[in-house]
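The chain contents come next:
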Amino acid sequence: MYVEAFELGAAFIKEGSQIWALLARLRNRIKHGHLRIAIFGAGGTGKSTLGHLFSGQLTADACPQPYRESLTSETFKLKGDIVCTFVAPPGQVSRIGHDWHELYRSLASGESSGVINVVAAGYHSFSHLSLKEHRLYQEGMSEADFMRLYRQDRQSNELKLLQEIIPHLKSAKGSVWVVTLVNKQDLWWPERAAVRAHYMEGAYNRLMETVLEHKGRQHFRHDYLSASLVLSNFRTDAGETLALTAEGYDHTIRLGNLNHFLRTIEALAVS
Ligand SMILES: Nc1nc2c(ncn2[C@@H]2O[C@H](COP(=O)(O)OP(=O)(O)OP(=O)(O)O)[C@@H](O)[C@H]2O)c(=O)[nH]1
Ligand SMILES: [Mg+2]
């Protein structure tokens, strides 16, 4: 799912600093492939950020943007000879409807053969000014108390959304690949073993396995990857700190993992 710094050889680290070239190559290679990638995921996990990275509107070292909830589906097209499209519908539960159904249709017709499901180990951005306006906040709670409850709630939401997508993966026409992108590595890096176990050994994985059983290895492939699309402390607009970028999470780890993620997408996109 993730690559640890000590696993990265010197050559890999050097390449990690060339993410931009890799992204350009990825775009160039898939723009001739008539490929459409559907990006699913709960609100605030990083779908729009991912679309911006793919489409060249965000560089690997760009400044993070404050969270603005997407209100409609966003389509990120590659520049130039445009045939590869990344579609990311908004992930707030209240907005699941038409946009998600469009993506389901594109899976059923075989138009989309790649899916990226973005999760974030419960570190989902939200649009309330202060945590005190959040429905989970109770009088007297510290930021840490709130985060414990909030992350549990968001992780169950990730599962609920996956349950919703599963039947559509099963009935997708032809072969389909899925990447679970566990984003916001910069916020959960010290607890990476627990995060890895949560996704790869629990209910999330069991749900993915049902698709594999249904479609068979020949027609279904699922990979876990993780990255930090931007490096940013998790704060509310009111200035409350909900999580800090992790101590020890450095540029090399970030670029190494981003590189690993992009290389895998590149390989899947041309397979
Ligand atoms: N710390 C950190 N923040 C991130 C990362 N990726 C994205 N973000 C931030 O998370 C916030 C939400 O990202 P978006 O891409 O807008 O999320 P979304 O999934 O499109 O959200 P909706 O449109 O509501 O469905 C933004 O402020 C991003 O800058 C990451 O890897 N680490
Ligand atoms: Mg969005």
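One can find the structure itself at the top, above this paragraph.
I will try to describe carefully the structure that is included in this document. None of the values given here were measured: they were computed from a predicted structure.

### A look at the overall build of the chain
From N to C terminus, the chain includes nine helices and eight strands. Relative to all contacts within the chain whose residues are 6 or more apart in sequence, the contacts with residues 24 or more apart total 80%. For the chain, the accessible surface area stands at approximately 12500 Å², while carbon and sulfur atoms represent 50% of it.

### Details of the packing of helix H5 (residues 143-170) against helix H8 (residues 203-215)
Relative placement of two packed helices is described by the angle separating their axes and the distance separating the axes. One can describe the packing of H5 onto H8 by two numbers: an axis separation of 10 Å at closest approach and a directional angle of 5°. Taken together, the axes of H5 and H8 lie roughly parallel to each other. Along its contact with H5, which presents Leu159, Leu162, Gln163, Ile166, Leu169 and Lys170, the element H8 presents Ala203, Tyr204, Leu207, Met208, Thr210, Val211, His214 and Lys215. A per-class count over the contact of H5 with H8 returns nine nonpolar, three polar and two charged.

### Examining the nonpolar core
By size, the foremost hydrophobic cluster in this structure holds 48 residues, and its most contacted members are Phe40, Val115, Tyr123, Phe146, Trp188, Tyr199 and Phe234. Among the elements that take part in this core, H5 stands out by supplying eight residues, more than any other. Counting 23 residues, the second-largest nonpolar core is a separate cluster that includes Leu22, Ile116, Val179 and Ala227.

### Details of the side chain of glutamate 4
Tracing the backbone through its elements, the reader meets glutamate 4 in the segment before helix H1 (10-16). Within the structure, the side chain of glutamate 4 is placed 3.0 Å from the side chain of arginine 192, a separation counted as a polar contact. With sequence-adjacent residues up to four places away left out, glutamate 4 is seen in contact with Trp189 and Arg192.

### A few points about the pairing of strand E5 (residues 176-182)
Most of E5 is tucked away: seven of the seven residues are buried. Residues Val176, Val178, Thr180 and Val182 point to one face of E5 and Trp177, Val179 and Leu181 to the other, with burial holding for every one of them. Bridge count between strand E4 (residues 114-119) and E5: six bridges; the pairing is parallel. Note that in E5 the partner of valine 119 across the bridge is valine 182.

### Considerations on the environment of arginine 263
Mapping arginine 263 onto the fold places it in helix H9 (residues 251-269). Looking at arginine 263, the relative accessible area reads 31%, which means it is partly exposed. The sequence separation of arginine 263 and leucine 22 amounts to 241 residues, and the corresponding C-alpha distance is 7.7 Å.

### Some words on the pairing of strand E1 (residues 36-41)
With six of its six residues buried, E1 lies for the most part within the structure. Residue alternation in E1 divides its side chains into two sets, Arg36, Ala38 and Phe40 and Ile37, Ile39 and Gly41, and both sets are buried. Sheet topology places E1 next to E4; five bridges connect them, and they run parallel. Paired with alanine 38 across the two strands is valine 115, which belongs to E4.

### Structural notes on the pattern of salt bridges
Scanning all chains against the criterion turns up eight salt bridges. Among the ionic pairs, arginine 68 bridges to aspartate 237, the shortest N-O distance being 4.0 Å. Taken together, the residues arginine 68 in the loop between helix H3 (47-55) and strand E2 (74-77) and aspartate 237 in the loop between strand E7 (234-235) and strand E8 (241-243) connect sequence positions 169 residues apart. Glutamate 191 serves as the salt-bridge partner of arginine 151, at 3.1 Å between the closest nitrogen and oxygen. A residue pair is termed long-range when its members are at least 10 positions apart, and arginine 151 in helix H5 and glutamate 191 in the loop between helix H6 (185-188) and helix H7 (192-200) qualify at 40 residues. Since its relative accessible area comes to 15%, arginine 151 is described here as buried.

### Focus: unusual backbone geometry
Located in the positive-phi region is alanine 121, a residue other than glycine, with phi close to 50°. Take alanine 121: it is sitting in the loop between E4 and H5. Phi is positive for lysine 184, which is not a glycine, with a value near 65°. Note on placement: lysine 184 falls in the loop between E5 and H6. In this structure lysine 184 comes out as buried when scored by relative accessible area, which is 13%.

### Description of H9
In a regular helix each residue adds 1.5 Å, so 19 residues correspond to 27 Å; H9 covers 26 Å between its end C-alpha atoms and thus fits that length. Burial runs high along H9: 14 of the 19 residues are buried. Sitting at the head of H9, aspartate 250 places a side-chain oxygen 3.3 Å from the backbone nitrogen of threonine 252.

Quick notes on the rules
- Residues numbered from 1 in each chain as written.
- Chains lettered and ligands numbered in written order.
- Predicted model: local features only at pLDDT ≥ 70, side-chain atom pairs only at ≥ 80, totals over all residues.
- Heavy atoms only, no water.
- Helix = DSSP H or I, 4+ residues; strand = E, 2+ residues; numbered from the N terminus.
- Contact = heavy atoms within 4.5 Å.
- Areas by Shrake-Rupley, 256 points an atom, 1.4 Å probe, with all protein chains shown as cover.
- Axes fitted to C-alpha atoms, helices over the stretch in contact; angles between N-to-C directions.
- Parallel < 35°, antiparallel > 145°, perpendicular 65-115°, else oblique.
- Nonpolar A, V, L, I, M, F, W, Y, C, P; charged D, E, K, R; others polar.
- Core = buried A, V, L, I, M, F, W, Y, C linked by side-chain atoms within 4.5 Å.
- Buried < 20%, exposed > 50% of the residue type's maximum accessible area, 1.4 Å probe, protein only.
- Polar contact = N/O pair within 3.5 Å; in protein donor to acceptor, adjacent residues only side chain to side chain.
- Pairing = 2+ DSSP bridges.
- Salt bridge = Lys/Arg side-chain N within 4 Å of Asp/Glu carboxyl O.
- Expected span 1.5 Å × (residues − 1).

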